[in-house]
Amino acid sequence: MSVSMTAVKAGIDWIKEMLRKDQSPDGSWDYPFETGISTDAFMIILLRTLEINDEELIEGLTKRILSRQEKNGAWKLFHDEGAGNLTATVEAYYALLYSGYYQKDDTRLWAAKKFILANGGLEEVGMYTKIMLALTGQYKWPAFSPLPIEVVLLPLHFPINFYSFSVFGRANLTPIMIVADKKFTMKTSSSPDLSHLHLHRNDDDQWSRSREYRSLFSFIEDGVTNLLGLPDQLHKLAIERAKKYMLDRIEPDGTFYSYYSSTFLMIFALLSLGYDKTDPIITKAIDGIKSMKCEIDGYPHMQYTTANLWNTALIGFGLQTAGIAPEDPMVVQANRYLLERQHHKFGDWVIHNPKTMPGGWGFSAVNTIVPDVDDTTAALRSISMIAPSELQTWERAIAWTLSMQNDDGGWPAFERNVNSKLLQFMPIEKAEFLLADPSCADLTGRTLEFFGQYTNLSTEHTATRRGIRWLLKNQEKDGSWYGRWGICYLYGTWAAITGLLAVDVAADHSAIQKAVDWLRRIQNKDGGWGESCHSDSKKSYVPLKASTLTHTAWSLDALIAVSDKPTPEIEKGINYLIGALKNDDWTTDYPKGQGMAGGFYIHYHSYRYIFPLLALAHYREKFEL
């Protein structure tokens, strides 16, 4: 079925108008960064624990949580997860009880309790949730600290040290090490009692500890023992160092690195160190996480962070790709927003990359010290048309991005060479996602695509050749690539194909043809594509059994880039995209981003516009007669 260019143009125009209507006065797009109900539940628990009676917010959050409950009483992280997610269900149940608006005998809570007990009780929830339960008096702290606090003192040359962890890992581990060391607990007179959710109450230690971890723990302890000083003095010094690490990295809005989880944990860490509940640092941190609140379907949602910069960079670029001039006020405002937020401060990235000046961009509206490669190239694409008048900005950012390439030739998100194999033995669930920041196909592909399309960097440049080699070496057997920050193989494959083509790898190269064959093979009958969140846990492609706008746009964009004429697969895909643009169902709400396999998924509300706009614009640009 051939494609009508009139329909393609109408689709592009509709998206443009939606974006024009949704732009904020400051030039950004503040579409929600939605991550399920976890942050909503934690907010209720935090406010009740600190006896901050913000009833309007607490009641609103309980309504949002209940609106997401399944018929069987459970909560899910994504549509096709199965019967439900135990950790999310425990968090929701605890928050609803602690809110005071619902009691144990409420039929919805009774159904949740039944699901929790049938699936292993509190002992089987995720580690991060166990820490929250321990902090609020619902779970016993382990006899051992998950990680000795003295780890912050280990020198950089020690095989595993504080900076072996990713910045995201450090942000969460630092306060965790403090509270675990203190075995800190804070209860109130209105704290619920969750003892009825324990299945193995008499177990001494309900925190897992593998044989491999015990040997790693001994190894770390040996390293600590070799530090000069008396144990008590070292311990105090480590606590002070950890506290300073947090306080030095508070963003202008009061949050720790602008992440919900690390700010939540920092508040408890400071309380454990004797800070008062009304200390200005704590009250500002609470105001900071409150400021990340958004509204979805009439309910408040506590965002894990804001995605304003990421949204704005992608949309600014998408609009220009679709033919909107850089002089259009919508683009001018977007680019001004981006230019004002380029980083000028050194962040932790400098530890492994000491010879480079700041110049990247971060993800959220307030991020000033955690730049990342993906946001940086996204911002650069948007400002590429005005680069000659912003030469200093442009050159600083290019230099920073080039300097971030890992020794293996790929690009990471936040820091160079933070992928120690020792981290897999840590007693921390999903350690590979929380603690490591490896090279990945999505970032390597997107970075190559940027250099190939928007700069005069030679395709023979060492960085380019090494990036190409990394991608070719890391292709999956079926022809796909795994994308670390999206769902999952469709995302990685789109980034890898478009990246390789941009740096003059031929379209008939066997790796690209293998990837194209894979994309064709998994296209749905309706012309679209869809991938399940199960892909990241299973470490292989799992079809969603339904098409989504975003997955279809990624797949199409890759096929358009590689084809010199519209193929039947492209035509079918474009027709699906045009017909589904205004869909509003579970497929549009389905997460397209991941933070941690099996535990943390992201529904970017902006993606339903951004990626269809790019695919349609590229189709029109390439195939319009």
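Now for a look at the structure at hand. Model, not experiment: these values are computed from the prediction.

## Digging into the pattern of salt bridges
Logical step 1: Under the criterion given, the structure shown has 23 salt bridges.
Logical step 2: Between Asp40 and Arg64 there is a salt bridge, with the nearest N and O atoms lying 2.6 Å from each other. Here Asp40, found in helix α2 (residues 38-49), pairs with Arg64, found in helix α3 (residues 55-67); they are 24 residues apart in sequence, far enough to count as distant. With respect to class, Asp40 is no different from Arg64; both count as buried.
Logical step 3: With a closest N to O distance of 2.9 Å, Glu55 and Arg48 form a salt bridge.
Logical step 4: Judged by relative accessible area, Glu55 falls into the partly exposed class, the value being 28%.

## Concerning the packing of aromatic side chains
Logical step 1: One pass over the structure, following the stated rule, counts 42 aromatic pairs.
Logical step 2: Among the aromatic residues, those joined into a cluster by ring pairs are Phe33, Trp310, Phe363, Tyr491, Trp494, Trp554, Tyr604, Tyr607 and Phe611.
Logical step 3: Between Arg341 and the ring centre of Tyr337, over which it is positioned, the NZ or CZ distance is 3.7 Å.

## Here we look at the sheet that holds strand β7 (residues 600-604)
Logical step 1: The sheet built from three strands is open, its strands ordered β1-β7-β6 with antiparallel pairing. Edge positions in the sheet fall to β1 (33-34) and β6 (593-596), since each has one partner strand and no second.
Logical step 2: Across three bridges, the pairing between β6 and β7 is antiparallel. Paired with Gln594 across the strands is Tyr601, a residue of β7.

## Considerations on empty space enclosed by the protein
Logical step 1: Scanning the entire structure with this criterion turns up three cavities of 30 Å³ or more.
Logical step 2: By volume, the largest cavity amounts to about 490 Å³.
Logical step 3: Surrounding the largest cavity, 33 residues form its lining, Tyr259, Phe363, Phe414, Trp485 and Tyr604 being those nearest its centre.
Logical step 4: Every element with two or more residues in the lining of the largest cavity is listed here: α14 (373-383), α16 (431-434), β6 and β7.
Logical step 5: Counting residues per element, the lining of the largest cavity draws most heavily on β7, which supplies three residues.
Logical step 6: Residue composition of the lining of the largest cavity, grouped by class: 21 nonpolar, seven polar and five charged.
Logical step 7: One number sums up the size of the second largest cavity: a volume of about 50 Å³.
Logical step 8: A breakdown of the residues in the lining of the second largest cavity according to their chemical character gives seven nonpolar, no polar and two charged.

## Quick notes on the pairing of strand β2 (residues 293-296)
Logical step 1: Residues Cys294 and Ile296 point to one face of β2 and are all buried, whereas Lys293 and Glu295, pointing to the other face, are not buried.
Logical step 2: Bridging between β2 and strand β3 (residues 299-302) involves four bridges; their strand directions are antiparallel. Across the sheet, Ile296 pairs through a bridge with Tyr299, a residue of β3.
Logical step 3: The hairpin formed by β2 and β3 contains two residues between the paired strands, and Asp297 there has a positive phi angle of roughly 55 degrees.

## Remarks on the packing of α2 against α3
Helix packing for two helices is described by the angle between their axes and how far apart those axes are.
Logical step 1: Interaxial distance between α2 and α3 falls to 9 Å at its minimum, and their mutual angle equals 150 degrees. Overall, the two elements α2 and α3 adopt an arrangement that is roughly antiparallel. Handedness of the α2/α3 crossing: left-handed. Residues Asp40, Ala41, Met43, Ile44, Leu47 and Arg48 of α2 form the contact with α3, whose participating residues are Glu55, Leu57, Ile58, Leu61, Thr62, Arg64 and Ile65.
Logical step 2: Across the contact of α2 with α3, the residue classes break down as eight nonpolar, one polar and four charged.

## What to know about the environment of Ser532
Logical step 1: Relative to the helices and strands, Ser532 is located in the loop between β4 (529-531) and α21 (534-538).
Logical step 2: Taking relative accessible area as the criterion, Ser532 reaches 0% and is therefore assigned buried.
Logical step 3: Ser532 sits 454 residues away from Phe78 along the chain, and the two C-alpha atoms are 8.7 Å apart.
Logical step 4: Ser532 has contacts with Phe78, Asp80, Ile487, Val542, Pro543, Leu544 and Tyr590, leaving out every residue within four places of it along the chain.
Logical step 5: At 2.9 Å, the side chain of Ser532 and the backbone nitrogen of His534 are in polar contact.

## Some thoughts on the state of the cysteines
Logical step 1: Enumeration according to the criterion identifies zero disulfides in this entry.
Logical step 2: Between Cys440, a cysteine without a disulfide, and Cys488, which holds the nearest cysteine sulfur, the sulfur-to-sulfur distance is 11 Å.
Logical step 3: Of the cysteine sulfurs around Cys533, a residue in no disulfide, the closest is that of Cys488, at 7.2 Å.
Logical step 4: Judged by its relative accessible area of 0%, Cys533 falls in the buried class.

## Quick notes on a negative patch on the surface
Logical step 1: A cluster of acidic residues, Glu295, Asp297, Asp584, Asp585 and Asp589, forms a negative patch at the surface.
Logical step 2: Counting through the fold element by element, Asp584 comes out in the loop between α23 (568-580) and α24 (586-589).
Logical step 3: A relative accessible area of 67% means that Asp584 is categorised as exposed.

Reading the values: the criteria
- Residues numbered from 1 in each chain as written.
- Predicted model: local features only at pLDDT ≥ 70, side-chain atom pairs only at ≥ 80, totals over all residues.
- Heavy atoms only, no water.
- Salt bridge = Lys/Arg side-chain N within 4 Å of Asp/Glu carboxyl O.
- Helix = DSSP H or I, 4+ residues; strand = E, 2+ residues; numbered from the N terminus.
- Buried < 20%, exposed > 50% of the residue type's maximum accessible area, 1.4 Å probe, protein only.
- Phe/Tyr/Trp six-rings, centres within 6.5 Å; stacked < 30°, edge-to-face > 60°.
- Lys NZ or Arg CZ within 6 Å of the ring centre and 35° of its normal.
- Pairing = 2+ DSSP bridges.
- 1 Å grid on protein atoms, 1.4 Å probe; cavity = no way out; pocket = protein on both sides within 12 Å on 5 of 7 lines; lining within 4 Å.
- Points joined across faces, edges and corners; volume = space filled by probe spheres on them.
- Nonpolar A, V, L, I, M, F, W, Y, C, P; charged D, E, K, R; others polar.
- Axes fitted to C-alpha atoms, helices over the stretch in contact; angles between N-to-C directions.
- Parallel < 35°, antiparallel > 145°, perpendicular 65-115°, else oblique.
- Left-handed = near helix turned anticlockwise from the far one by under 90°.
- Contact = heavy atoms within 4.5 Å.
- Polar contact = N/O pair within 3.5 Å; in protein donor to acceptor, adjacent residues only side chain to side chain.
- Disulfide = S-S within 2.5 Å.
- Patch = residues over 30% accessible without salt bridge, like charges linked within 9 Å, V, L, I, M, F, W, Y side chains within 5 Å.
- Areas by Shrake-Rupley, 256 points an atom, 1.4 Å probe, with all protein chains shown as cover.
- Lys, Arg positive; Asp, Glu negative; His and termini not counted.
- Charge placed at Lys NZ, Arg CZ, Asp CG, Glu CD.

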